Amino acid sequence: MSDNRALRRAHVLANHILQSTPPSSNLSLTREVCLQYSPPELNESYGFDVKEMRKLLDGHNLVDRDWIYGLMMQSNLFNRKERGGKIFVSPDYNQTMEQQREITMKRIWYLLEHGVFKGWLTETGPEAELRKLALLEVCGIYDHSVSIKVGVHFFLWGNAVKFFGTKRHHEKWLKNTEDYVVKGCFAMTELGHGSNVRGIETVTTYDPTTEEFVINTPCESAQKYWIGGAANHATHTIVFSQLQINGTNQGVHAFIAQIRDEDGNICPNIRLADCGHKIGLNGVDNGRIWFDNLRIPRENLLNAVADVSSDGKYVSSIKDPDQRFGAFMAPLTSGRVTIASSAIYSAKVGLAIAIRYSLSRRAFSVTANGPEVLLLDYPSHQRRLLPLLAKTYAMSFAANELKMIYVKRTPETNKAIHVVSSGFKAVLTWHNMHTLQECREAVGGQGVKTENLVGQLKGEFDVQTTFEGDNNVLMQQVSKALFAEYVSCKKRNKPFKGLGLEHMNSPRPVLPTQLTSSTLRCSQFQTNVFCLRERDLLERFTSEVAQLQGRGESREFSFLLSHQLAEDLGKAFTEKAILQTILDAEAKLPAGSVKDVLGLVRSMYALISLEEDPSLLRYGYLSQDNVGDVRREVSKLCGELRPHALALVTSFGIPDSFLSPIAFNWVEANAWSPV
């Protein structure tokens, strides 16, 4: 036995040394049995005109959008790389924070040299503003850091000069800002005060002997914090500060201060520090600022709302301090408008990647030895992604409507814009974060790879839920505005007009007890249930606040105690407003396939919003059976939208290069390479 074993070992060793062919096996590892990538386009058809749908979704400036897409794709500054036979452009998130900041600034210089920012501050009117918004949105699709850094410079610093300032400021600063001769930032937030702008602690006094303002950071909590551009590149800043004149605090005002000279040296009486590495947006140089008796000329007060004369007298055409503060805050609405729209484009990127992947990636078989099943053919996978796709569509129309009312704003519409932008900013950014998380999970481990974007985008966009207003605070502002409108109309015995509350002038809608499929998909039923929810929650909210006030609580404290109803009401108002925008878009379409598919999308948006809201059951708008009907209808709609999934994400109009390798040939993109 031992001799036989020795002979066998010798034989195996000899074969190995002589590299003899091993014995044949019944297992054949040929190329044919390996997984092959199959483009979704081979098996999926377009049931409607995707170009027409894109026109609806983007809404405006499609030529300008495609132009800037092309500018980015043709330059190596945007990190062109080949993966799986395709060229992709996306930031290199493996770079250090310092490298990301410098390349972000180089990309901005490139866009400047190619005329992207021409007219952003010096041209006026709705068309100029819409072009600016479209170009900013594409910047954000490529890299949130680019869009934020550009946004701080133009929309915060630039708009502050434009709207808070007067002719002397416009002539001195706007063209230089547009040409990046001046690089601006916006110092509002402090370590100790974010959403509560009224409470900021920076103090400015006036010295009539030199006709200068003197700005001070009196304590550590007053340091300006998270100031985009302050850490490395900004030369000037808008400073929000309490203005004290002759011992009287006149409230928050805005000033222009220089923080660096043209060579990048920090100015005297200024201290700057870095906020450090972040979970995302590391291409933005967020910094901290302290002012130590910084003297600035009297002319650097942005004086559209109030002024100080050379001898130190405070003058303002708005006598009421609350109204004056509101006038200072009104122009900042543009930030919420751009954030809301940016969030939806981020969700589009995530969904385009996850859905394209799910149309080529297979897993498990449903029959013995049968073919593996496409991910999106699983009802559970449809349930994860298609309702989010429908919501993203509806919110695209909402973002477009918000932009339109913003660029056509008048003093009479400012209040409505504030309320709507607050609600949309909160709901759309929350939606984006939920969508990105679901997309990350839906692509499995591939979502963890930075190059596949969906996981990385979570960190890049998370900040949207708290900057330019904490989402929860914004939703409370929405509810307070609705409360004020309700109380005012009831007190004056006047009909409701504005904020979409006109439905409350009509009798309370009555919902059917039996909900068939046709009923659930009926636009009138959907409108009725959304209106009923908003109406009932508004009445409950005002009643609860009144009861608390009747027990001796202040109105503000009563609002705080009623926060749960306030949150439900803010959500109900915003979701109804979103529904109305997709209904309006659908109504303008001629009969045909685009209108038909948009009807399915609208029904999915309406019904998934109802399914996800416990208040419908909590307050008895729908019965338990009704809620079950809604749930089943959502699943049916998933099946009906499944054949349109590829066409729906293609309609986003985002070039392939701005997606990620797993959206296309993920097998080839991961093939072994000697380099």
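The rules behind the values
Residues numbered from 1 in each chain as written. Predicted model: local features only at pLDDT ≥ 70, side-chain atom pairs only at ≥ 80, totals over all residues. Heavy atoms only, no water. Helix = DSSP H or I, 4+ residues; strand = E, 2+ residues; numbered from the N terminus. Buried < 20%, exposed > 50% of the residue type's maximum accessible area, 1.4 Å probe, protein only. Lys, Arg positive; Asp, Glu negative; His and termini not counted. Salt bridge = Lys/Arg side-chain N within 4 Å of Asp/Glu carboxyl O. Polar contact = N/O pair within 3.5 Å; in protein donor to acceptor, adjacent residues only side chain to side chain. Contact = heavy atoms within 4.5 Å. Pairing = 2+ DSSP bridges. Axes fitted to C-alpha atoms, helices over the stretch in contact; angles between N-to-C directions. 1 Å grid on protein atoms, 1.4 Å probe; cavity = no way out; pocket = protein on both sides within 12 Å on 5 of 7 lines; lining within 4 Å. Points joined across faces, edges and corners; volume = space filled by probe spheres on them. Nonpolar A, V, L, I, M, F, W, Y, C, P; charged D, E, K, R; others polar. Parallel < 35°, antiparallel > 145°, perpendicular 65-115°, else oblique. Patch = residues over 30% accessible without salt bridge, like charges linked within 9 Å, V, L, I, M, F, W, Y side chains within 5 Å. Areas by Shrake-Rupley, 256 points an atom, 1.4 Å probe, with all protein chains shown as cover. Core = buried A, V, L, I, M, F, W, Y, C linked by side-chain atoms within 4.5 Å. Phe/Tyr/Trp six-rings, centres within 6.5 Å; stacked < 30°, edge-to-face > 60°.

Draft legend 1. The arrangement of the side chain of K278 in detail. On the secondary structure map, K278 appears in the loop between β9 (270-274) and β10 (286-291). Within the buried core, K278 has no salt-bridge partner, and the shortest N-O distance to an opposite charge, that of D274, equals 6.5 Å. A polar contact of 3.0 Å, which involves the side chain of K278, links it to the backbone oxygen of L281. Within polar-contact distance, the side chain of K278 engages the backbone oxygen of V284 at 2.9 Å. In this view, K278 contacts W226, V284 and N286; residues no more than four positions away in its chain are not counted.

Draft legend 2. Quick peek at the sheet that holds β9. The antiparallel open sheet is built from 3 strands, whose spatial order is β6-β10-β9. Edge strands, defined here as strands with exactly one partner in the open sheet, are β6 (224-228) and β9. Taking each pair of neighbouring strands and ignoring which way they run, the sheet shows an average axis angle of 35°. Both β9 and β10 contribute to a ladder of 5 bridges, which runs antiparallel. Bridging from a neighbouring strand, I270 pairs with F291 of β10.

Draft legend 3. Geometry of empty space enclosed by the protein. In total, this model carries 7 cavities of 30 Å³ or more according to the counting rule given. Taken together, M105, I108, K149, V152, H153, Y180, K183, G184, G228, G229, H233 and A234 make up the full set of residues lining the largest cavity. In terms of residue count, the dominant contributor to the lining of the largest cavity is helix α6 (residues 144-164) (3 residues). Each residue belonging to the lining of the largest cavity can be placed in one class, and the counts come to 5 nonpolar, 5 polar and 2 charged.

Draft legend 4. Structural context of the environment of A330. Here A330 lies in the loop between α8 (321-329) and α9 (333-358). Overall, A330 belongs to the partly exposed group, its relative accessible area being 32%.

Draft legend 5. Quick look at the pairing of strand β5 (residues 212-216). Where strand β4 (residues 203-207) lies against β5, 5 bridges are found, and the strand directions are antiparallel. For D207, the partnering residue across the bridge sits in β5 and is E212. Counted between consecutive antiparallel strands, the loop separating β4 from β5 contains 4 residues, among which E211 sits at a positive phi close to 55°.

Draft legend 6. Structural view of the layout of surface pockets. Reported here for the second largest pocket is a volume of approximately 800 Å³. What lines the second largest pocket is a set of 31 residues, among which E401, A577, Q580, T581 and D584 lie closest to the centre. For the lining of the second largest pocket, the elements supplying multiple residues, two or more each, are α2 (50-58), α10 (379-407), α11 (414-442), α15 (523-550) and α17 (563-587). When residues of the lining of the second largest pocket are assigned to their parent elements, the largest contribution, 9 residues, is made by α17. When the residues that make up the lining of the second largest pocket are grouped by side-chain class, the tally is 18 nonpolar, 8 polar and 5 charged.

Draft legend 7. Spatial organisation of the environment of S635. Within the fold, S635 resides in helix α20 (residues 624-641). A relative accessible area of 40% means that S635 is categorised as partly exposed. Residues S635 and L386, spaced 249 residues apart in sequence, show a C-alpha to C-alpha distance of 9.8 Å.

Draft legend 8. Geometry of the packing of helix α13 (residues 471-492) against α15. One way to put it is that α13 packs onto α15 with a least axis distance of 10 Å and a crossing angle of 85°. Taken together, the axis directions place α13 and α15 in an arrangement best described as roughly perpendicular. Contacts between α13 and α15 involve S479, L482, F483 and Y486 from the former and L538, E539, F541, T542 and V545 from the latter. Taken together, the residues of the contact of α13 with α15 break down into 6 nonpolar, 2 polar and 1 charged.

Draft legend 9. Region of interest: the pattern of salt bridges. The full count for this structure, using the stated rule, is 44 salt bridges. In this structure, E44 engages R642 in a salt bridge whose closest nitrogen and oxygen atoms are separated by 2.9 Å. Taken as a pair, E44 in the loop between α1 (2-17) and α2 and R642 in the loop between α20 and α21 (645-650) lie far apart in primary sequence, 598 residues in all. An identical accessibility class is assigned to E44 and R642; each is buried. Here E52 makes a salt bridge to K55, at a shortest N to O gap of 3.2 Å. Pair noted here: E52 and K55 are both in helix α2, with a separation of 3 residues, about one helical turn. Exposure remark for K55: the relative accessible area of 46% places this residue in the partly exposed category.

Draft legend 10. Structural view of a nonpolar patch on the surface. Together, F557, L560 and L561 make up an exposed nonpolar region whose accessible area comes to about 280 Å². Looking at the element boundaries, L561 is found in helix α16 (residues 555-561). Residue classification places L561 among the partly exposed positions, given a relative accessible area of 42%.

Draft legend 11. How the structure looks around unusual backbone geometry. In the Ramachandran plot, N79 falls in the positive-phi region, its phi being about 60° despite a non-glycine side chain. Note that N79 resides in the loop between α3 (62-73) and β1 (80-83). Of note, E468 is a non-glycine position whose phi angle comes to about 55°, a positive value. Its relative accessible area of 26% is what places E468 among the partly exposed residues.

Draft legend 12. Representation of the nonpolar core in the model. By size, the foremost hydrophobic cluster in this structure holds 198 residues, and its most contacted members are L111, I238, F240 and I355. Here this core gets 14 residues from one element, more than from any other, and that element is α10. For I238, the residues in contact, after removing those within four places along its chain, are W157, A160, V161, C185, F186, A187, A254, F255, I256 and L302.

Draft legend 13. Region of interest: the pairing of β6. Of all 5 residues in β6, 4 are buried; the element is thus mostly enclosed. Relative to β10, β6 runs antiparallel, the two being bridged by 3 bridges. What sits directly across from I227, in β10, is G287.

Draft legend 14. The packing of aromatic side chains, seen in detail. Scanning the model with the defined rule gives 26 aromatic pairs in all. Taken together, a centroid distance of 5.9 Å and an interplanar angle of 90° make the contact between W157 and W173 edge-to-face. Here W157 is found in helix α6, whereas its partner W173 is found in helix α7 (residues 167-178), with 16 residues between them in sequence. Across the pair, exposure class does not vary: W157 and W173 are buried alike.

Draft legend 15. Here's a closer look at the environment of N94. Note that N94 resides in the loop between β2 (86-89) and α4 (97-113). Counting along the chain gives 505 residues from N94 to G599, while the straight-line C-alpha distance between them is 43 Å.

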